[in-house]
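Letter by letter, the chains look like this.
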Amino acid sequence: MNFYLIYFLVAISIFGFIAVFSLVSVYAERKISAFIQDRLGPMETGKFGWLQTAADILKLIQKEYIVPALADKVLFTLAPVIIFVAVYLGFVALPWAPGLVPAHMNLGVFYVFAIISIEALGILMAGWGSNNKYSLLGAVRSVAQMVSYEIPIGFAIISAVMISQSLDLQVINYNQGVLATEQIRFFGVYNVNKIGGFLAWNVFQAPHLLVAYVIYFIASLAECNRAPFDLPEAESELIGGFHTEYTGLRFAFIFLAEYAMMFLVAMLGVTLFLGGWNTPLPNIGSLHLADDTTGVFWGIFWLMSKCLLVVAAQMWIRWTLPRLRVDQLMTLCWKVLTPIAFACLVISGLWRLLIVG
Amino acid sequence: MIKEAFNGLKTAWKGLSLTLQHFGAARQSKKVKGIKEADYFEQQSGIATVQYPHQQLPVPEVGRYQLFVEMDDCIVCDLCAKICPVNCIDIESIKATDAIGKTSDGSVKRLYAPKFDIDMAKCMYCGLCTTVCPTECITMTPEYDKSVTHISDLNYKFATMTEAEAEEKRLELEKQQAERQAAKLAALKKMEADKK
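Computed from a predicted structure; not experimentally measured.

Calculation rules
- Residues numbered from 1 in each chain as written.
- Chains lettered and ligands numbered in written order.
- Predicted model: local features only at pLDDT ≥ 70, side-chain atom pairs only at ≥ 80, totals over all residues.
- Helix = DSSP H or I, 4+ residues; strand = E, 2+ residues; numbered from the N terminus.
- Rg over C-alpha atoms; globule rule 2.2 N^0.38 Å.
- Buried ≥ 20, exposed ≤ 12 C-beta atoms within 10 Å, placed from the backbone.
- Contact = placed C-beta atoms within 7 Å.
- pLDDT = per-residue confidence, 0-100.
- Expected span 1.5 Å × (residues − 1).

## Considerations on the overall build of chain B
1) Next: Broken down by element type, chain B carries 4 helices and 7 strands.
2) Next: When the helices and strands of chain B are listed from N to C terminus, the series reads α-β-α-β-β-β-β-α-β-β-α.
3) Next: For chain B, the C-alpha radius of gyration of 31 Å lies well beyond 16 Å, the compact-globule estimate for 196 residues.
4) Next: Summarising its shape, the C-alpha atoms of chain B cover approximately 125 × 35 × 35 Å along the three principal directions.
5) Next: Buried positions account for 11% of the 196 residues belonging to chain B.
6) Next: Across chain B, the fraction of contacts at a sequence separation of at least 24, relative to all contacts at a separation of at least 6, is 67%.

Structure, rendered in structure tokens:
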């Protein structure tokens, strides 16, 4: 019985986290965009407008559900659920701290990668079901984009997995710090099992993973349909893209999924490349900084700080770079990112065989 | 390809550092200053927003905003209504039986104005009426923030007379004119009688 209680508790706390994170990050995004453009952003609702997103969600909850007369009712109603659930389930496999993971899976990386691909299906359902030319165009673009960018993102992930030799996200985490069970070497040479800190992160264990991380980051922006890859939404040409026809809570769930996806890809990237919940502070001589800053509380703290920094970078990029054209999007994916990611993959294999092996 | 990718990253970083500079500069706001102030153009960075109802930019002294008429100084000459390019001023006048009084600059008032309407919804804020006014009773005020719930509220009524007063003045004028007519007729009759 207690068993099930914990299941529900875990599910509710993940949902609560996503909801709170979305509210805070929408506010942060509005403020960051405002400051970048020399504006103030929301200022009227509460001190410095901090209640703005709460007011927005209250408004969205009260709104009417409108289903267009010619829409495919089943697809239209199901789409937001599928979009949100796909991202929500992705969080299940991601570890938060040593010993703290919602569901222990030895195929975690594969699972997360597979389940977030389902979002493309939900988006296509939303676009098709709306029976609106803008929605359909947005959905088709989105699917083309997500399917294409899964290639470089997959290569980048595999090159990290080859270095850590596991698909279990928690094992990948353990092997990037002082709790490592395997031999870990800084730049493949210097043993850092005792030192830990940022020296033990995957990007520093094998420096080509830094390139792989940049590829992962760029491709992950495309995966979550964020600017400069926001062609599926493209307000200036497609109104709202695939979610043009959505109102009220359904729209809120699509929005929630978008922000949850941002955090999810940030968290996956941090886990695979930037040490996950491991501390960036190394042990220096008798100063046991790494040992002292490893633990459940510290794990959550480091993971949150890293992820929020990555999310902030995503926002910063959104408000700087203009949107890519469809052909530029595909050129970048197939002619630049995919070959470089493939090169990273090959280097990873050689690294494992020749340097570490 | 490598060169292209590298160039892409380089230019992206250029843009990103520019936005980061603005993000950093957002710690302070530009002060709300009028353009006449000496250091107006010194403020190059920082948040540019003027939080309008709470903060207001100073208005220039000769700005052209809402119209106002000082009825005590108006001699009802109708010049403003004639020069108005959009016909937004509507004046009705009644001749007084005698001089009513003087304006503050010494002009004699001989006309009553039962109606002096300016439709600010039509007004194009050219300011011509203020330049032709001989007594400078029609002026533009620094007031620019005016919103109403019904468009007819934008038709400003400046006349100070009530309808009853206007009717009384009309009757007086008619009576005087009738008397004058009678006097004229009497004089004419007398002339004819003298000729015979």
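Now that the structure is up, let's keep going.
## Considering the overall build of chain A
1) Next: Secondary structure summary: chain A contains 13 helices and 2 strands in total.
2) Next: Taking 21 Å as the expected radius of gyration for a compact globule of 357 residues, we find that chain A reaches 21 Å, a close match to that expectation.
3) Next: Seen through its principal axes, chain A has C-alpha atoms that stretch 65 × 50 × 45 Å.
4) Next: Looking at chain A residue by residue over its 357 residues, the buried ones come to 46%.

## Some remarks on the confidence of the model for chain B
1) Next: Averaged over all residues, the pLDDT of chain B equals 86, while 100% of them reach at least 70.
2) Next: Interface confidence in the predicted complex, given as ipTM, is 0.74; pTM for the same model is 0.80.

## A word on the environment of Gly-269 of chain A
Residues and elements named next belong to chain A.
1) Next: Note that Gly-269 resides in helix H10 (residues 248–273).
2) Next: Residue classification places Gly-269 among the buried positions, given that 23 C-beta atoms sit within 10 Å.
3) Next: Spatially, the C-alpha atom of Gly-269 lies 32 Å from that of Gly-49, the residues being 220 residues apart in sequence.
4) Next: The residues touching Gly-269, leaving out its near neighbours within four places in the chain, are Tyr-213, Tyr-216, Phe-217, Ser-220, Leu-274 and Val-310.

## Some remarks on helix H4 (residues 163–195) of chain B
1) Next: The terminal C-alpha atoms of H4 of chain B lie 48 Å apart, and with 33 residues this matches the ideal 48 Å at 1.5 Å per residue to within 8%.
2) Next: The element H4 of chain B is largely exposed, with a buried count of 0 among its 33 residues.

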